[in-house]
Amino acid sequence: MMSKNTTTDKSVDVLVIGAGASGGAATAWLAESGFNVKCLEQGYWQDPSKYASASKDYEFEMLTNWAPDPNKRQRDEDYPINDTNSPVTPVMFNGVGGSTILWTAHTPRFHPSDFRVKTLDGVADDWPISYEELEEFYDLNDEVMGCSGINGDPANPPRSPRQMPPIPLGKDGRKLISGFEKLGWHWWPSDSYVNTQPYGEGRDACNFCGHNHMGCYQRAKSSTDLTYWPRALRGGATIETGARVRRITTDESGRATGADYIDSKGVDQHQNARAVIMAANGIGTPRLLLNSTSDEHPNGLANTSGLVGKNLMFHPFAMISGTFPEKMDTWQGPLGNIAMSQEFYETDKSRGFVRGYTYQFQRSLGPAWIANGGFRNAVPWGEGHHEELEKRLGSLMAIAVIGEDLPEEHNTVDLDPELTDSDGIPAPRLNYTLSKNSRDQLDHAIVNAKKVLEAAGASDIFVDPMMRQSGWHLMGTARMGDDPRSSVVDKWGQSHDVDNLFIVDGSIFVTGAAVNPTPTIQALALRTADYIVANRQDFKG
Amino acid sequence: MITNSAKTQIDEPLLTSMLDRLIPPVGDLPGAGQMGLIDEIVRLSGQQTRFQEIFETAVKTFYNKNQDFISQSESQQDEAIRQFESTNQDMFDSVLTISYIVYYKDERVHKRLGWSGKTPQPDGNKMEPWNESVLDKIRTRKPFWRQVD
Ligand SMILES: Cc1cc2nc3c(=O)[nH]c(=O)nc-3n(C[C@H](O)[C@H](O)[C@H](O)COP(=O)(O)OP(=O)(O)OC[C@H]3O[C@@H](n4cnc5c(N)ncnc54)[C@H](O)[C@@H]3O)c2cc1C
Ligand code: SF4
């Protein structure tokens, strides 16, 4: 039987749940603004010098102990996710830095039109905020995370100078670009939170090892354990690792009072707080809110609208790959930070679907990765194996499609009736089907990506029409809006039901746009923190 | 950790024959089975409990269904493997995955492929520097993002 300790005498101003991309940003801002902030994080600090990219077993580690799929990784700090009813497997990392430990750090922004999809295209809903309202927070986030890239992209509004020049394109990147240029289609070097020169605290330049998905040994890839967290701690914030939150607690009036959690020794604890910020990601946050039932909140916390856990959006991800006749050492350079194309980003109804997609260019890794498939089918075993492997090694490139998934209420995160984590807390269960609009987008993108690869000189083109292991962008499950009947939080991320509860992760997205979401998640987190600083000094003890 | 018990779970002659069919000889290299990779396969699979369990179950299941595998002809062996692949996909994948990983970790294979074989870090790789002239063409394109009031 676990003992129960109570830490009521140590009430904090703000309790943040989750130390990932959004939790790091919000904590740092609030701590630097004089709030007494504590963060509870179920995972632990990572030591970059121990990342698997320097291990002789790295190819095995990448698929097991460092796999982005928590169901495969199965560390103590991970929680299982029932994804049986989803063609997309969610991927994430649980620790200080959250999923930014494993991310690619490809960091485009939303377009202005992404905030106005109802007005422009008659679908989903407009956001209650505009691109312009978020712009200063995008800039601020770029500065803290450190952005490499270059201004002048004709597919995007002008923006402030990037902190560092772009990542070199490489011979392989230029090859792929030649296909876009032959067709007269847009491309632009990717904005990436990857250092191309030393930037930030003790962070070196990328040395092109290629393995972003196992953490960055060089500290060149920005993750919040290296960027926001040092600032947060200097600002006086505290973080407790190995602290798994069971539920957010409330008083008789329904206001949040803190959280019950299990500490790293397995002891039940309670932390009192005058306000709570959820930053546990688009799956972890609805899971916790649904686990936080009480007399005042019988359907879960902040759930009067019934929309907690609904409208789950991924970015449906197709991958089209081809092999080039020449050897280009495609393992040199970050895997997915070359360039992108937004030729088909904005709606053109003549295509038969609304909204659009981004192409993100991908290179490939070493022989074991290639043999096991990488972004495509595994190299066949038996006769012909060696010939096929040699054909792909050093010359395989791919184009990833990030399509805009529109919100649909039947795509959900709820609680599994049986599955639990190692502490017995009900685990999340997904129900997700791909909409016709999303499928049509992907099909359109596949046809055009084939054209690009062919124009660039590739052959043996292989299509994965929807990658299963591609649930890296988790959005929409506690959406933002002005109307409490059709949204969970207001435009500041504040719960409509509970005035001292905020959400800052991808759950609050109204729509998902067709770009990687994290700069937008972090900009929103900074904006919410800024709002609290300006308007909620009452949280200070 | 290599445990004796892990190794005794695995029928070595059978796995050797299977590896030879999965990754056949090439150039002056014998098939993967004859290269003596089993100790490394057992060690590596033991680095994660979940993986080790699937892998060991896979080898046992295959053995139970194909006790005469070693004495079969190559085409019969290929057929038995194909049968296993189609009926026990996850288990088969674990065998293939670890076989590929261990084979492509081997220095003899690196030499044949001309692959450096070094871990990605700490040395990383070299790339030619960023060259802005690649933007000459695309910079001539007018802005085309959708304006919003
Ligand atoms: C392989 C991979 C590649 C990616 N590539 C990109 C990319 O190129 N560009 C991009 O924009 N995005 C990318 N992403 C997505 C990006 O990492 C996420 O969008 C971002 O990290 C989400 O931030 P977050 O704060 O919402 O959640 P996270 O960063 O996931 O952090 C949530 C944190 O909450 C903690 N937590 C959850 N539940 C509890 C609980 N009950 N108690 C205590 N702690 C809890 C978790 O342990 C975790 O640390 C990628 C993700 C992955 C996995
Ligand atoms: S490619 Fe660069 S950013 Fe990516 S892990 Fe290697 S050093 Fe870090």
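Located above this text is the structure these notes cover.
Below or above, wherever it landed, is the structure these notes cover. (Residues numbered from 1 in each chain as written. Chains lettered and ligands numbered in written order. Predicted model: local features only at pLDDT ≥ 70, side-chain atom pairs only at ≥ 80, totals over all residues. Heavy atoms only, no water.)

Attention shifts here to the site of ligand 1. Residue and element names in this part refer to chain A. Neighbouring ligand 1 are 37 residues; Ser22, Glu41, Ser99, His106 and Thr518 lie closest to it. Between ligand 1 and Pro517, the relevant distance is 3.5 Å, taken from an oxygen atom to a main-chain nitrogen or oxygen of the residue. Burial of ligand 1 by the protein chains amounts to 98% of its free accessible area of 990 Å². Counting residues per element, the ones that place at least two in the shell around ligand 1 are α1 (21–32), β2 (37–41), β6 (244–250), α8 (281–291) and α12 (518–535). Take the shell around ligand 1: its biggest share by element is three residues, from α12. Looking at side-chain class alone, the shell around ligand 1 contains 18 nonpolar, 16 polar and three charged residues. (Near = heavy atom within 4 Å. Polar contact = N/O pair within 3.5 Å; in protein donor to acceptor, adjacent residues only side chain to side chain. Areas by Shrake-Rupley, 256 points an atom, 1.4 Å probe, with all protein chains shown as cover. Helix = DSSP H or I, 4+ residues; strand = E, 2+ residues; numbered from the N terminus. Nonpolar A, V, L, I, M, F, W, Y, C, P; charged D, E, K, R; others polar.)

Taken together, the contact pairs 56 residues of chain B with 75 residues of chain A. Buried surface at the junction of chain B and chain A, summed over both partners, amounts to about 5,500 Å²; 63% is from carbon and sulfur atoms. Put simply, chain B and chain A have seven salt bridges between them. Counting across the interface, chain B meets chain A through 29 residue pairs in polar contact (both at pLDDT 80 or more). Among the elements that make up the side of chain B that touches chain A, the one with the highest residue count is helix α6 (residues 89–103) of chain B (seven residues). (Contact = heavy atoms within 4.5 Å. Buried area = accessible area lost by both parts, 1.4 Å probe. Salt bridge = Lys/Arg side-chain N within 4 Å of Asp/Glu carboxyl O.)

Residues and elements named next belong to chain A. Pairing is mixed in the open sheet, where three strands are placed in the order β3-β14-β13. Whereas interior strands pair on both sides, the edge strands pair on one side only; in this sheet they are β3 (82–85) and β13 (412–420). Shown here is a sheet whose adjacent strand axes are inclined to one another by a mean of 40°, direction ignored. In the packing of α8 onto the sheet, contacts are made with β13 and β14 (426–431), and the angle to β13 comes to roughly 65°. (Pairing = 2+ DSSP bridges. Axes fitted to C-alpha atoms, helices over the stretch in contact; angles between N-to-C directions.)

Once that is clear, we can look at the side chain of Glu388 of chain A. Residue and element names in this part refer to chain A. Here Glu388 is to be found in helix α10 (residues 385–392). Among the residues examined, Glu388 registers a relative accessible area of 15% and is labelled buried. Excluding residues that lie within four positions of it along the chain, Glu388 makes contacts with Val379, Pro380 and Asp460. (Buried < 20%, exposed > 50% of the residue type's maximum accessible area, 1.4 Å probe, protein only.)

Before going further, it helps to spend a moment on α6 of chain B. Residues and elements named next belong to chain B. Across its 15 residues, α6 extends 21 Å between first and last C-alpha, which sits within 8% of the 21 Å expected from 1.5 Å per residue. In terms of residue burial, α6 counts as a mostly covered element, since 12 of its 15 residues are buried. Among the residues of α6, Met91, Phe92, Ser94, Val95, Leu96, Thr97, Ile98, Ser99, Tyr100, Ile101, Val102 and Tyr103 are the ones counted as buried. (Expected span 1.5 Å × (residues − 1).)

Secondary-structure assignment places Gly18 of chain A in the loop between β1 (12–17) and α1. When sequence neighbours within four positions are dropped, the list of residues in contact with Gly18 of chain A reads Gly23, Cys39, Leu40, Glu41 and Ala279 of chain A.

As a further point, take the nonpolar core. Counting 88 residues, the largest nonpolar core has Ile17, Trp127, Ile248 and Met278 of chain A as the members making the most contacts within it. A per-element tally of this core places α12 of chain A first, with eight residues. Filtering out sequence-adjacent residues up to four positions away, Ile17 of chain A remains in contact with Leu40, Val245, Ile248, Ala259, Val276, Ile277, Met278, Ala279, Ala280 and Leu288 of chain A. Core analysis: the next-biggest nonpolar cluster, separate from the first, contains 67 residues, Ala400 of chain A together with Met35, Phe51 and Ile101 of chain B among them. (Core = buried A, V, L, I, M, F, W, Y, C linked by side-chain atoms within 4.5 Å.)

Residue and element names in this part refer to chain A. Mapped onto the elements, Gln469 comes out in the loop between β15 (459–464) and β16 (501–503). Residue classification places Gln469 among the partly exposed positions, given a relative accessible area of 27%. Separated by 400 residues in sequence, Gln469 and Asp69 have C-alpha atoms that sit 7.4 Å apart. Ignoring any residue separated from it by four or fewer positions in sequence, one finds Gln469 in contact with Asp69, Lys72, Thr89 and Val91. At 3.4 Å, the side chain of Gln469 forms a polar contact with the side chain of Asp69.

On to the sheet that holds strand β10 (residues 339–341) of chain A, then. Residue and element names in this part refer to chain A. Taken in spatial order, the six strands of this open sheet run β4-β10-β11-β12-β9-β15, and their pairing is antiparallel. A strand with exactly one partner marks an edge of an open sheet, and here the two such strands are β4 (188–189) and β15. Note that strand β9 (residues 317–323) and β15 share four bridges and pair antiparallel. Residue pairing across strands places Ser321 opposite Phe462, the latter belonging to β15. Of the strands in this sheet, β10, β11 (357–362) and β12 (396–403) are in contact with helix α6 (residues 170–183), which crosses β12 at around 60°.

Let us now look at helix α11 (residues 436–456) of chain A. Residues and elements named next belong to chain A. Compared with an ideal rise of 1.5 Å per residue, which puts 21 residues at 30 Å, α11 spans 30 Å between its outermost C-alpha atoms and is within 8% of the ideal. Of the surrounding elements, those touching the buried residues of α11 are α6, β9, β11, β12 and β15. Gly457 sits one or two positions beyond α11 and adopts a positive phi of about 105°.

This part covers the side chain of Thr89 of chain A. The topology assignment puts Thr89 of chain A in the loop between β3 and α4 (117–121). Setting aside residues up to four positions removed in sequence, Thr89 of chain A forms contacts with Asp69, Asp83, Arg468, Gln469, Ser470 and Gly471 of chain A.

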